[in-house]
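Chain by chain, the residues:
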Amino acid sequence: MKNVCIALVAAFAVASSAAQAADPHVSVGSAQYTIGISGFVPVVCRATVDAAMVPAQGGQVSLGSLNEFCNSPNGYEVYADYSANMTKASLLVDGQKVPLGKDGTVRVTKSNRAGIAAHAVSLDLPKGVEPGTISFRIVAL
């Protein structure tokens, strides 16, 4: 019985040496561990405009840059909400005209993935139209 145990230990030592030679990542007396890390990242979205106040005059007025940040993997939309007296005005977003309609809100930009973007924004207020308020909001999809 004692000879059988010695033979098994010797066979194991030879097998371990062979395994070591075939796979350099395995060593006698060491162990391999797998560590799994998981986490949850909250969705954070922001939309800001450089200008806080602009002159109350007709014509085109720069609002500065519309800065967007959203980490939603499904994307996001940016809306402009405005007062009713601005229904005949329009926004220019990177040179593209966005008319302000009667419903008091209009989609300004849309992205189908998370992103960071900046757009040049101007307000085109026709003569005779009373100035009002406009704000921007971002909605994660």
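So, here's what we can say about the structure. (Residues numbered from 1 in each chain as written. Predicted model: local features only at pLDDT ≥ 70, side-chain atom pairs only at ≥ 80, totals over all residues. Heavy atoms only, no water.)

### Digging into the sheet that holds strand E4 (residues 90–93)
Spatial ordering of the open sheet is given by E1-E2-E7-E4-E5, a layout of 5 strands whose pairing is antiparallel. Each end of this open sheet is capped by a strand with a single partner; those strands are strand E1 (45–49) and strand E5 (96–99). The average undirected angle you get between the axes of adjacent strands in this sheet is 25°. Across 11 bridges, the pairing between strand E2 (residues 59–70) and strand E7 (residues 115–125) is antiparallel. Counterpart to Gly64 in the pairing with E7 is Val121. (Pairing = 2+ DSSP bridges. Helix = DSSP H or I, 4+ residues; strand = E, 2+ residues; numbered from the N terminus. Axes fitted to C-alpha atoms, helices over the stretch in contact; angles between N-to-C directions.)

### A look at the environment of Met86
Among the structural elements, Met86 can be located in the loop between strand E3 (76–82) and E4. It is 8.7 Å that separates the C-alpha atoms of Met86 and Ile134, two residues lying 48 residues apart in sequence. Excluding residues that lie within four positions of it along the chain, Met86 makes contacts with Leu100, Leu123, Glu130, Gly132 and Thr133. (Contact = heavy atoms within 4.5 Å.)

### Describing the layout of surface pockets
Approximately 310 Å³ is the volume attributed to the largest pocket. Looking at the largest pocket, it is lined by 19 residues, and the ones nearest its centre are Ala52, Met53, Val54, Gly132 and Ile134. For the lining of the largest pocket, the secondary structure elements donating two or more residues are E2, E7 and strand E8 (134–140). In terms of residues, the lining of the largest pocket owes the most to one element, E8, which gives 3 residues. A class-by-class count of the residues in the lining of the largest pocket yields 15 nonpolar, 4 polar and no charged. (1 Å grid on protein atoms, 1.4 Å probe; cavity = no way out; pocket = protein on both sides within 12 Å on 5 of 7 lines; lining within 4 Å. Points joined across faces, edges and corners; volume = space filled by probe spheres on them. Nonpolar A, V, L, I, M, F, W, Y, C, P; charged D, E, K, R; others polar.)

### Things to note about the pattern of salt bridges
According to the stated counting rule, one finds 3 salt bridges in the structure shown. For Arg107, the salt bridge goes to Glu77, with nearest N and O atoms at 3.2 Å. Within this pair, whereas Arg107 is found in strand E6 (residues 105–111), its partner Glu77 is found in strand E3, the two being separated by 30 residues in sequence. For Arg107, a relative accessible area of 43% translates into the label partly exposed. Glu77 gets classed as buried once you look at its relative accessible area, which sits at 10%. Put simply, Lys110 and Glu77 hold a salt bridge, and the shortest N to O gap is 3.9 Å. Of this pair, Lys110 sits in strand E6 while Glu77 is found in strand E3, placing the two residues 33 residues apart along the sequence. Residue classification places Lys110 among the exposed residues on the basis of a relative accessible area of 53%. Shared partners join several salt bridges into a network, and the residues in it are Glu77, Arg107 and Lys110. (Salt bridge = Lys/Arg side-chain N within 4 Å of Asp/Glu carboxyl O. Buried < 20%, exposed > 50% of the residue type's maximum accessible area, 1.4 Å probe, protein only.)

The values reported here are purely geometric and, on their own, carry no functional implication.
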